[in-house]
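# Structural description and commentary
Below, each chain spelled out in residue letters.
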Amino acid sequence: MTFWASFWDIIWWFLWAFAFVTYLFAVLAIIVDLFRDRSVSGWVKAVWLTFMVFVPLLTALVYLVARGEGMADRSYRASRAAREETEAYMRAVPGNSPSEDIAKAKVLLDQGVVTQEEYEHLKAEALGRVRPSAHPVH
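Residues numbered from 1 in each chain as written. Predicted model: local features only at pLDDT ≥ 70, side-chain atom pairs only at ≥ 80, totals over all residues. Heavy atoms only, no water.

### Quick look at the pattern of salt bridges
Note the cut-off: Salt bridges are defined as contacts in which a side-chain nitrogen from Lys or Arg sits within 4 Å of a carboxyl oxygen from Asp or Glu. Strands are runs of DSSP state E lasting at least 2 residues, helices are runs of H or I lasting at least 4, and numbering of each runs from the N terminus. Burial here depends on accessible area, computed with a 1.4 Å probe over protein chains only, as a share of the maximum for the residue type. Under 20% is buried, over 50% is exposed, and the range in between is partly exposed.
Applying the stated rule across the entire model yields five salt bridges. The salt bridge partner of R74 is D37, with a shortest N-O separation of 3.5 Å. On the criterion of sequence distance, the pair formed by R74 in helix α3 (residues 56-92) and D37 in the loop between α1 (3-36) and α2 (42-54) is long-range, its members being 37 residues apart. Of the residues examined, D37 reaches a relative accessible area of 5% and is grouped as buried. Notably, a salt bridge pairs E120 with K123, separated by 3.8 Å at the nearest N-O pair. Of this pair, E120 and K123 both sit in helix α5 (residues 116-126), three residues apart, roughly one helical turn. Linked through salt bridges whose partners overlap, the residues forming this network are D33, D37, R67 and R74.

### Observations concerning the packing of α2 against α3
In plain terms, the rule: Only C-alpha atoms enter the line fits that serve as axes; for helices the fit covers just the stretch in contact. Angles between N-to-C directions range over 0 to 180 degrees. What sets the label is the angle itself: under 35 degrees gives roughly parallel, over 145 gives roughly antiparallel, 65 to 115 gives roughly perpendicular, and the rest give oblique. The contact rule is simple, with two residues in contact once any of their heavy atoms fall within 4.5 Å. Residue polarity follows a fixed list, in which Ala, Val, Leu, Ile, Met, Phe, Trp, Tyr, Cys and Pro are nonpolar, Asp, Glu, Lys and Arg are charged, and the others, Gly among them, are polar.
Running from N to C, α2 and α3 cross one another at 140°; their axes reach a closest spacing of 6 Å. When the interaxial angle is binned, α2 and α3 end up oblique. Facing W48, F51, M52, V53 and F54 of α2, the residues of α3 in contact are P56, T59, A60, V62, Y63 and R67. Of the residues assigned to the contact of α2 with α3, the class counts are nine nonpolar, one polar and one charged.

Below is the structure:
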């Protein structure tokens, strides 16, 4: 066996491995999409899964052609909903308590870093009486 023959055998093996892993990802995406779709009944889902077991490549191709656009829409909606939930959670989680913010502002006032007027503004922000300024005082 020459070097080039074994080299191309290795390349061929990697191509087949890549194709197989790609196929597994596609099948996983199809199964996730199938169970994500609420408009499909349980019996139809069972039929799709049965075909995925017995005729996997053909079923995957048919599914992607027949339901590919809806698959993209459901994936987009799911990612958008997850992003919105994350943003809502981030807004709901409080930072410092108002008393901590006021105490920090008082320390800054005592150190002479901020004026009395800036201190009053920071205190009002902490208490929610004023919208936070775009450029906080440090």
